[in-house]
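# Results of the structural survey
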Amino acid sequence: MSTLEIRDLHVAVEDKEILRGVNLTVAAGQTHAIMGPNGSGKSTLAYAIAGHPKYTITSGKVLLDGVDLLELSVDERARAGLFLAMQYPVEVPGVSVSNFLRSAVTAVRGEAPKLREFAKDLKNGMDALSIDSAFAQRNLNEGFSGGEKKRHEILQMELLKPKIAVLDETDSGLDVDALRVVSEGINRFRASGETGVLLITHYTRILRYVKPDFVHVFAAGRIVEEGGPELAEKLEAEGYEQYTKASA
Ligand code: ADP
Ligand code: MG
Ligand code: MG
């Protein structure tokens, strides 16, 4: 069983300290929600774990089964079993969704999946997410709607079968139907018990569909409160104001 351990993580962007000591442990089979006001550093946490060059780790560790991910290249992190769904995926003209996904699976596994097997997994994944079959031939991210981007992220996750998945703002820009399909995808995926999910969100909406085991509240670059799913309900009722006042 895999574990992601974030230990006293400090991250700066352009010499400004954004994360100020984050501690968090996510085990396979668990779903953790990180919630917090805009600008509190939630995406910075995701980018830092992903190895985005703009985010400087000033101290701390991010261990996946004891291996410090921060010492690995971005590709090595993916091979180690980390999956990051980014908030703003890039467009890649000339690369189809199908080609992109097969390359991604090849990169993570270290060998190309058999074409027929891959085609079957891809079809099953797309069917489960109510994605039209023509989608596989479209250029990566080109003209994708919010719902298509999110479905594509969940499809990637289903094909890559990561140990730990970090999903940032998965509910942004989704209508209720898309939100349900995406949430069902996450729930199907986590039911295997083999993946730990870190779900980063500003809104409580998605947490009605994806019940987290643990909720962590972020404010000004730190976790300021932790609890079970009931904490998400409290946040829905009371908002973040109490935390932004306290940490300002
Ligand atoms: P959240 O995801 O919680 O809304 P972010 O991590 O996006 O918060 O932002 C946290 C803080 O870090 C903000 O003050 C933001 O302006 C700053 N920040 C984040 N990324 C960058 C960046 N690439 N360049 C400059 N400032 C950044
Ligand atoms: Mg934001
Ligand atoms: Mg964000």
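Residues numbered from 1 in each chain as written. Chains lettered and ligands numbered in written order. Predicted model: local features only at pLDDT ≥ 70, side-chain atom pairs only at ≥ 80, totals over all residues.

As recorded in an unreviewed UniProt entry, the protein chain goes by Fe-S cluster assembly ATP-binding protein and comes from Nonomuraea polychroma.

## Brief notes about the sheet that holds strand β6 (residues 82-85)
Put simply, the test is: Paired strands, as defined in this entry, are two strands with at least two bridges between them according to DSSP. A run of H or I in DSSP counts as a helix once it spans at least four residues, and a run of E counts as a strand once it spans at least two, with each numbered from the N terminus. Between N-to-C directions, angles cover 0 to 180 degrees, with each direction set by a line fitted to C-alpha atoms, over the stretch in contact for helices.
The six strands are arranged β6-β9-β10-β3-β11-β12 in an open sheet whose pairing can be described as mixed. Of all the strands in the sheet, the pair left with one neighbour each is β6 and β12 (222-227). Across the sheet, the mean angle from the axis of one strand to that of its neighbour is 20°, orientation sign disregarded. Bridge count for strand β11 (residues 214-219) against β12 is five bridges, and the pairing is antiparallel. Within the sheet, the bridge partner assigned to valine 217 lies in β12 and is glutamate 225.

## With respect to the pairing of β6
Which entries qualify depends on this criterion: A residue is called partly exposed when the number of other C-beta atoms within 10 Å of its own lies between 12 and 20, exposed at 12 or fewer, and buried at 20 or more, with C-beta atoms placed from the backbone.
Side chains Leu82 and Leu84 project from β6 onto one buried face, and the interleaved Phe83 and Ala85 project onto a second face that is buried too. Of the pairings in the sheet, the one linking β6 to strand β9 (residues 164-168) comprises four bridges and is parallel in character. Its bridge partner lying in β9, leucine 84 is registered against valine 166.

## Notes on the sheet that holds strand β5 (residues 67-68)
As summarised here, the arrangement of the four strands in space is β2-β1-β4-β5, forming an open sheet in which the pairing is antiparallel. Lying at the two open borders of the sheet, with one neighbouring strand each, are β2 (16-27) and β5.

## With respect to the packing of helix α4 (residues 115-128) against helix α5 (residues 146-160)
Defined as follows: For classification, angles of less than 35 degrees are called roughly parallel, those exceeding 145 degrees roughly antiparallel, those between 65 and 115 degrees roughly perpendicular, and all remaining angles oblique. Take the far helix as the reference: if the near one is turned anticlockwise from it by less than a right angle, the crossing is left-handed, and if turned clockwise, right-handed. C-beta atoms are first placed from the backbone for all residues, and any pair lying within 7 Å is then listed as a contact. We call Asp, Glu, Lys and Arg charged. Ala, Val, Leu, Ile, Met, Phe, Trp, Tyr, Cys and Pro are nonpolar, and the rest, Gly among them, are polar.
At a minimum axis separation of 10 Å, α4 and α5 run at an interaxial angle of 140°. In this view, α4 runs oblique relative to α5, as classed from their interaxial angle. Note on packing geometry: the crossing formed by α4 with α5 is right-handed. Where α4 abuts α5, its residues Asp121, Leu122, Gly125 and Met126 lie against Leu155, Glu158 and Leu159. Partitioned by chemical class, the residues of the contact of α4 with α5 number four nonpolar, one polar and two charged.

## Topic: the nonpolar core
As a reminder of what qualifies: The term nonpolar core means buried Ala, Val, Leu, Ile, Met, Phe, Trp, Tyr and Cys residues held together as one set by C-beta atoms within 7 Å.
Core analysis: the largest hydrophobic core is formed by 57 residues, its most contacted members being Met35, Ala48, Ile49, Phe83, Ile164, Val166 and Leu198. With five residues, helix α1 (residues 42-50) is the largest single contributor of residues to this core. Ignoring sequence-local partners within four residues, the contact set of isoleucine 49 consists of Val62, Leu69, Leu84 and Val166.

## Brief notes about the site of ligand 1
The condition that has to hold: By definition, a residue lies near a molecule or strand when the C-beta atom built from its backbone is within 6 Å of it.
Close to ligand 1 lie Val13, Glu14, Ile18, Gly36, Asn38, Gly39, Ser40, Gly41, Lys42, Ser43, Thr44 and Lys54. Element by element, the count of residues in the shell around ligand 1 is highest for α1, at three residues.

## Quick look at the packing of α5 against helix α6 (residues 176-190)
It is at 10 Å that the axes of α5 and α6 come closest, and there the two elements cross at 10°. One finds that α5 runs roughly parallel with respect to α6. Where α5 approaches α6, its residues Gly147, Lys150, Arg151, Ile154, Met157 and Glu158 are matched on the opposing element by Ala178, Val181, Val182, Gly185, Ile186 and Phe189. Its residues assigned to classes, the contact of α5 with α6 comprises seven nonpolar, two polar and three charged.

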